[in-house]
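Chains, contacts and geometry: an overview
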Amino acid sequence: MDQLLQHIVNTLIMGGTYALLGIGLTLIFGIMRIVNFTHGELYAFGAYMMYFFAAVIGMNFFVSIAFAIAAGMILGAFMEYTLLRSKRGADIDTTMLIMIGAWIVFQNLEHLVWGGVAKSIPSPLPEQPLVLGPVSLSWLRVMVLVIALALIAATYVVINRTKLGKAMRATFQDSNTAALMGINVNAIHTMTFGLGSALAAAAGALLGPVFVVTPTMGDLASLKAFAIVILGGLGNITGAAIGGFILAFAEEIGAGYISSGYRDAMGFVIIIIVLLFKPTGLFARTERVG
C-alpha cells in the first residue's frame, strides 16, 4: 500500500505536466485544425529557455519559469504568423508538411546552438525530501505539481470565462460568422497557437530541472502529447487534462510493478486498448473546445 501511494503521488506530478502538453496540442487542433508536429520542440524550447535564464544568466528560478513560458508563447505566435497564416484554408497535408519541416529545423537548431551534451538546471529548492507518512517527495516535484495545476486552472478560466475564450470558441464553431460579428479571426488564430505553444513550453520549463535538457527530448514528448489528445478525444480540453493523468498513471504503474524499461510502452498499450473499444477517445463530444 505504501508503494501504491508513492506511485499515485508520482502520477499526480507527472500527470500535471502531461496535461499541459495535451491541452496545448488539443487547443491548437480544436480551433485551427492544425496537427502541430512542432509541439515537442516547443516543449524542448521551454526547457532550454529555462536553462538559459536560470543557469546561464542567473535569473531567479521562478522568474525564469515565467520568462520561458512567455518565450514559448512569442515563438508560437511568430510561427503562426509566418508559417501558417498564408496557408489558412489549405488542405491538411500542406500544413502537416510545413509543421514537419519546422520540427526538423527546430531540432537541428537546438543541436547547433546548445550542442548535443545534456544540460542540467540547478534548483534553489531544498534537496531534503518532503516526507508525508509513507510518501517521500522532492520539493522540486511538489513545485512542478502546484504550478502545473495552477496553469491548467488558468487555461480553463481563459477558455470558459473570458471574452477571449468566447471568441476562440466562436471561431471554432464558425469562423465566417465570428468574423461577421466583429471577431478578428487572424488575431484569434495567432493567440490560440501562442497559448498552446506556451503550455508546451511550460511543461518543458517545469520538467527541465527535474530531468536533463537535450535536443531530442521533444521527440518522446510529442508522441505522448498526441497520445493524450487521442485518448482524451480530439479537441476536448477537459479530456486532454484527464488523459494526461491517465497516461502518467499507466506509466507509473508499469514502471513500478513490471519494469522501468516499459514505462513509456505501458501508456501506449493503454491507449491502444481504449481506441479498440472507443475510437473517438474517452471524452469526445460534438463541441471540441471548452
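Figured I'd write up the structure that's included with this text. (Residues numbered from 1 in each chain as written. Predicted model: local features only at pLDDT ≥ 70, side-chain atom pairs only at ≥ 80, totals over all residues. Heavy atoms only, no water.)

Some thoughts on the overall build of the chain
Of the regular secondary structure elements, the chain holds 11 helices and two strands. The order of helices and strands in the chain, counted from the N terminus, is α-α-α-α-β-β-α-α-α-α-α-α-α. The principal-axis extents of the C-alpha atoms in the chain amount to approximately 60 × 50 × 35 Å. Taking all 290 residues of the chain together, 49% fall into the buried category. The long-range share in the chain, meaning contacts at least 24 apart out of those at least 6 apart in sequence, stands at 79%. Carbon and sulfur atoms provide 69% of the accessible area of the chain, an area that totals close to 13300 Å². Separation between the mean location of the 15 positive side-chain charges and that of the 13 negative ones in the chain comes to 11 Å. (Helix = DSSP H or I, 4+ residues; strand = E, 2+ residues; numbered from the N terminus. Buried < 20%, exposed > 50% of the residue type's maximum accessible area, 1.4 Å probe, protein only. Contact = heavy atoms within 4.5 Å. Areas by Shrake-Rupley, 256 points an atom, 1.4 Å probe, with all protein chains shown as cover. Lys, Arg positive; Asp, Glu negative; His and termini not counted. Charge placed at Lys NZ, Arg CZ, Asp CG, Glu CD.)

A look at the nonpolar core
Within the largest apolar cluster, 78 residues are counted, with the highest numbers of intra-cluster contacts made by Leu20 and Met50. Considering every element that reaches this core, the biggest residue donor is helix H1 (residues 2-32), with 14 residues. Excluding its chain neighbours within four sequence positions, the residues that come into contact with methionine 50 are Ala55, Phe61, Ser64, Ile65, Ala68, Ile121, Ala205 and Pro209. (Core = buried A, V, L, I, M, F, W, Y, C linked by side-chain atoms within 4.5 Å.)

Details of the side chain of histidine 39
Structurally, the position occupied by histidine 39 is in helix H2 (residues 39-56). A polar contact of 3.4 Å, which involves the side chain of histidine 39, links it to the backbone nitrogen of leucine 25. Ignoring sequence-local partners within four residues, the contact set of histidine 39 consists of Leu21, Gly24, Leu25, Gly196, Ala200 and Ala225. (Polar contact = N/O pair within 3.5 Å; in protein donor to acceptor, adjacent residues only side chain to side chain.)

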